[in-house]
Amino acid sequence: MIRQLRALPYTKKKELYGFLFVLPWILGFILFFAKPLFTSLLYSFQNLEMTPEGLRGVFIGWDNFEYALFKDPAFIREVTNSFVNMLYGVPLILVYSLFVAVLLKNKFRGRGFMRAVSFLPVIIASGVLMQILKEDVFSQGMRGGAESVYLFTGAGINGILNELGLGAQLIEIFNNVISRIFDLTWRSGVQVLLFLAGLHAIPGYLYEASSIEGARPWEQFWKITLPMLTPMMLLNIVYTIIDTFTDYGNSVILMIYNTAFSQVRFGYSSALAWLYCLLIAVFLGAVYMLLKKRIVYMQD
Amino acid sequence: MFKITTKKSGIKARRSLAGNIAIFGFVAVLGLFSAFPFLFAIITALKPIDELLQFPPRLIVMRPTLNNFTDLFQLASNMWVPLSRYILNTAFISILGTVLHVLFAAMAAYPLAKHKFPGRNILFSIIVMALMFVPQVTFIPQFVLMSQLDIVNSYAALILPWIGASLGLFLMKQFIEQLPDAILEAARIDGASEFKTFFSIIWPNSTPAIMTVVIFQFINLWNSAPKELIFSESLKVFRMALEQIVAGDPIARMGAGAAAAVILMIPPIIVFILLQRKVVETMTFAGIK
């Protein structure tokens, strides 16, 4: 057996090693992702009930899907909302994070610190602070990054503005602007980091050569930085789209979650989740196809 | 506006003092926005009880005190499992989970990016598809599966699912793809085995991607509170313990809660500060680009 393996041509061996390297991941993937995923697909065609012996499902065909698409008043509305939010959110996040990344790439005192600060939202928003502040201190039952933002504008900034003696209307406008900026900073930590990494990967000689040729920084940005960043841009777009769709504060996610755990309709919840994921998949596929040809890869 | 510094010659684009100030001011304002909740937590943690209960809440603390922190430790010392146990548990899960995820994801990413083997494209499409599934889709079946495997209420339930997680693999595959084939060919000509190539060429050269995934993963695990999966008190993680402390009396323990939040935030921030340089700066290394 071993001799047979040794005698294999190099390309075959390489294939074999390829499989070997992927194997542990595939095992984990199948056991903890693919299999549960398949089960949930089965659930989505069932009417599940909790019985003392465990879950019991009755096959009901397409009923769950039919209900979601044609009868449920909330599902279509929430999905539309979350698509609209995504459509204006993603470009904003990308432009903002690219801008911040370019600023943070500059060498200045305290750069490392500023980078850490710009990443703080990711550390905190996914973390316990929000939980404790929201559920225990303010007990308003808010969830997710987007909502948590309003907590601060509501409690903290309103107070300050009041003290400053601004009128109610002005405060409202100010609040809106600020909560938008918060929303933006709070959702672009990862993107800034990815762009920063991308910026550092651009070889310095491109800038050197172009500045010898007389290119201004502005031109360099459009002709070098941006094209060289396109692979990272694609990654970032995909990441941001998925992130906005799967955020805990996303109304569709909340709906799926509530259907499962408050209403205990596991079957219907699975069907909703599957429908939602299929929509996202179709959308992402379209975006990917559209952008694929515009990506510039550096040739060595 | 954008200063371009190249490693070799140090050519700098001209930028005025006013431009410098503008950039710095802008970054500072943005930083304030990002840091505000963090500062808010620290300030809340430093407030004495009467200032905590003030409405509307003030942004500054008039008489800072460390009482909240001592309260927290006092409350914690009354529990029948010592606080250090919870911290160790959390560290154990976070570190082991991160290492396993990163190692297996990097190993899988290498052939996906650089080898041609049958099924590669299909596999990659599956990974991209997997990214789109919200965790809620698999949550219930996953739980059923874990109880069948009899790993509920053990760390296996927290760590093992990460072996097959797709985000890290996706990021690393994208990164390794950018590494030039030439260094791999050179390694092969020098007689390196595939394992050798992976551990001495791919692994060190993909440090930025690895560190990025480490940051995500560590933060994720450190902040997790797997209430459905862990019941034994001695297995619980730090965050669950803190939530129990605070939940006892949300109003009176508000300050202790904020102190707990501050303590909890520190390790992820340290990890990030330590690793962020790697993330963004190892990219410029000579052999690579």
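**Observations regarding the confidence of the model for chain B**
Residues and elements named next belong to chain B.
- Here chain B averages 76 in pLDDT, while 83% of its residues score no lower than 70.
- Per-element mean pLDDT across chain B ranges from 72 in helix H2 (residues 49–52) up to 88 in helix H4 (residues 83–114).
- Low pLDDT (under 50) marks residues 1–13, which in the prediction has 29 contacts with non-local residues, meaning those over four places away or in another chain.
- Low pLDDT (under 50) marks residues 281–289, which in the prediction has 22 contacts with non-local residues, meaning those over four places away or in another chain.
- Across the interface, the model reports ipTM at 0.74; the global pTM reads 0.73.

**Quick look at the pattern of salt bridges**
Residues and elements named next belong to chain B.
- Evaluation of the coordinates by the stated rule reveals three salt bridges over all chains.
- Here Lys114 makes a salt bridge to Asp181, at a shortest N to O gap of 2.8 Å. One end of the pair, Lys114, is in helix H4; the other, Asp181, is in helix H9 (residues 181–189), and 67 residues separate them in sequence.
- A relative accessible area of 14% means that Lys114 is categorised as buried.
- Assessed through its relative accessible area of 42%, Asp181 is described here as partly exposed.
- Close ionic contact of Glu177 with Lys173 constitutes a salt bridge, the shortest N to O distance being 3.0 Å. Residue Glu177 and its partner Lys173 are both found in helix H8 (residues 166–178); the two are separated by four residues, about one turn of the helix.
- Assessed through its relative accessible area of 7%, Lys173 is described here as buried.

**Here we look at the side chain of Thr240(A)**
Residues and elements named next belong to chain A.
- Along the chain, Thr240 falls in helix H11 (residues 217–246).
- Overall, Thr240 belongs to the buried group, its relative accessible area being 1%.
- Excluding residues that lie within four positions of it along the chain, Thr240 makes contacts with Val90, Ile93, Leu94 and Gln191.

**Points about the environment of Asn89(B)**
- Position of Asn89(B) among the secondary structure elements: in helix H4.
- Sequence-wise, Asn89(B) and Ala258(B) are 169 residues apart; in three dimensions their C-alpha atoms are separated by 21 Å.

**Topic: the packing of helix H4 (residues 75–105) of chain A against H11(A)**
Residue and element names in this part refer to chain A.
- Two numbers describe how H4 lies on H11: the axes approach to 10 Å, and their chain directions differ by 140°. Taken together, the axes of H4 and H11 are oblique relative to one another. Crossing angle aside, the handedness with which H4 passes H11 is right-handed. Residues Ser82, Phe83, Met86, Val90, Ile93, Leu94, Leu98 and Val102 of H4 form the contact with H11, whose participating residues are Phe221, Leu226, Leu229, Met233, Asn236, Ile237, Thr240, Ile241, Thr244 and Phe245.
- Grouping the amino acids of the contact of H4 with H11 by side-chain chemistry returns 14 nonpolar, four polar and no charged.

**Considerations on the environment of Ser200(B)**
Residue and element names in this part refer to chain B.
- Here Ser200 shows up in helix H10 (residues 194–205).
- Linking Ser200 and Trp162, residues 38 residues apart in sequence, is a C-alpha distance of 24 Å.
- Within the structure, the side chain of Ser200 is placed 2.6 Å from the backbone oxygen of Lys196, a separation counted as a polar contact.

**A short note on the nonpolar core**
- Counting 141 residues, the largest nonpolar core has Phe75(A), Leu104(A), Phe119(A), Ile241(A), Tyr276(A), Leu169(B) and Met172(B) as the members making the most contacts within it.
- The element best represented in this core is H4(A), accounting for 14 residues.
- Here this core spans two domains, since at least three of its residues come from each of domain 1 (1–65) and domain 2 (77–284) of chain B.
- In this structure Phe75(A) touches Ala68(A), Val252(A), Met255(A), Leu272(A), Leu275(A) and Tyr276(A), once residues within four positions along its chain are discounted.

**Some remarks on the packing of helix H9 (residues 189–201) of chain A against H11(A)**
All names here are of chain A.
- The geometry of H9 relative to H11 is characterised by a closest axis approach of 9 Å and an angle of 155° between their N-to-C directions. When the interaxial angle is binned, H9 and H11 end up roughly antiparallel. Note that H9 runs across H11; the crossing there is right-handed. Taking contact as the criterion, the partners of Val190, Gln191, Leu194, Phe195, Ala197, Gly198 and Leu199 in H9 are, on H11, Thr225, Leu229, Met232, Met233, Leu235, Asn236, Tyr239 and Thr240.
- Split by residue class, the contact of H9 with H11 holds 10 nonpolar, five polar and no charged.

**Some thoughts on a nonpolar patch on the surface**
- Residues Leu20(A), Phe195(B) and Phe199(B) make up a contiguous nonpolar surface patch of roughly 270 Å² in combined accessible area.
- Note that Phe195(B) resides in helix H10.

**Some remarks on the packing of aromatic side chains**
- Inspection of every chain in the model, using the stated rule, returns 24 aromatic pairs over all chains.
- Look at Tyr17(A) and Phe195(B): their rings are 5.8 Å apart centre to centre, the planes differ by 80°, and that puts the pair in the edge-to-face class. Of this pair, Tyr17(A) sits in helix H2 (residues 10–44) while Phe195(B) is found in helix H10, placing the two residues in two different chains.
- Overall, Tyr17(A) belongs to the partly exposed group, its relative accessible area being 27%.
- A relative accessible area of 34% means that Phe195(B) is categorised as partly exposed.
- Of the aromatic side chains, those joined through ring pairs into one cluster are Tyr17(A), Phe21(A), Tyr110(B), Phe195(B), Phe198(B), Phe199(B) and Trp203(B).
- Here Lys173(B) stacks its cationic end above the ring of Phe124(B), 3.6 Å away from the centre of that ring.

**Notes on the side chain of Arg120(B)**
All names here are of chain B.
- Secondary-structure assignment places Arg120 in helix H5 (residues 120–132).
- For Arg120, which is buried and forms no salt bridge, the nearest opposite charge comes from Glu177, at a distance of 5.3 Å.
- Among all residues touching Arg120, those that are not within four sequence positions of it are Pro111, Leu112, Ala113, Lys114 and His115.

**Observations regarding the environment of Leu103(A)**
- Within the secondary structure layout, Leu103(A) lies in helix H4.
- Assessed through its relative accessible area of 2%, Leu103(A) is described here as buried.
- When the C-alpha atoms of Leu103(A) and Leu196(A) are compared, they prove to be 9.5 Å apart, with 93 residues separating the residues in sequence.
- Those residues in contact with Leu103(A) that lie beyond four places of it in its chain are Phe108(A), Ile23(B), Phe26(B) and Val27(B).

Cut-offs and rules
The written sequence of each chain sets the order in which its residues are numbered from 1. Chains and ligands are labelled sequentially in the order written, the chains with letters from A and the ligands with numbers from 1. Only residues with pLDDT of 70 or above have their local features reported here, since the model is predicted, and side-chain atom pairs are shown and tallied only from 80 upward, although totals for entire chains, interfaces and linings are computed over all residues. Excluded from the side-chain calculations are hydrogens and water; all other atoms, namely the structure's heavy atoms, are used. On a range of 0 to 100, pLDDT expresses the predictor's confidence in each residue. Put simply, DSSP H or I for four residues or longer makes a helix, DSSP E for two residues or longer makes a strand, and each gets a number counted from the N terminus. Throughout, a residue-residue contact means that at least one pair of heavy atoms, one from each residue, lies within 4.5 Å. The salt bridge criterion pairs a side-chain nitrogen of Lys or Arg with a carboxyl oxygen of Asp or Glu, the two atoms within 4 Å. Throughout, exposure labels follow a simple rule: accessible area from a 1.4 Å probe, protein chains only, divided by the maximum for the residue type, with under 20% read as buried, over 50% as exposed, and the rest as partly exposed. Note on geometry: axes are lines fitted to C-alpha atoms, helical ones only across the stretch in contact, with angles between N-to-C directions running from 0 to 180 degrees. Working rule for angles: under 35 degrees goes down as roughly parallel, over 145 as roughly antiparallel, 65 to 115 as roughly perpendicular, anything else as oblique. By definition, any crossing whose near helix is turned counterclockwise from its far helix by less than a right angle is left-handed, and any crossing with a clockwise turn is right-handed. Any residue outside Ala, Val, Leu, Ile, Met, Phe, Trp, Tyr, Cys, Pro, Asp, Glu, Lys and Arg is labelled polar, Gly included; the first ten of those are nonpolar and the last four are charged. Definition of a polar contact: a pair of N or O atoms within 3.5 Å, with one able to donate and the other able to accept a hydrogen when the atoms are protein atoms, and with sequence-neighbouring residues admitted only if both atoms are side-chain atoms. Residue types Ala, Val, Leu, Ile, Met, Phe, Trp, Tyr and Cys, when buried and joined through side-chain atoms within 4.5 Å, form a set referred to as a nonpolar core. These domain limits were set by an automatic method or by a database of domain assignments. Each patch is built from salt-bridge-free residues with over 30% relative accessible area, joining like charges within 9 Å and nonpolar side chains (Val, Leu, Ile, Met, Phe, Trp, Tyr) within 5 Å. Each accessible area is a Shrake-Rupley result for a 1.4 Å probe, and residues are judged covered by the shown protein chains and nothing else. By convention, a stacked pair of Phe, Tyr or Trp rings (six-membered ring in the case of Trp) has centres within 6.5 Å and planes under 30 degrees apart, an edge-to-face pair has planes over 60 apart, and any other such pair is tilted. Whether a charge sits over a ring depends on NZ of Lys or CZ of Arg being within 6 Å of the ring centre and within 35 degrees of the ring normal. In this tally, Lys and Arg are treated as positive and Asp and Glu as negative; His is ignored, and so are the chain termini.

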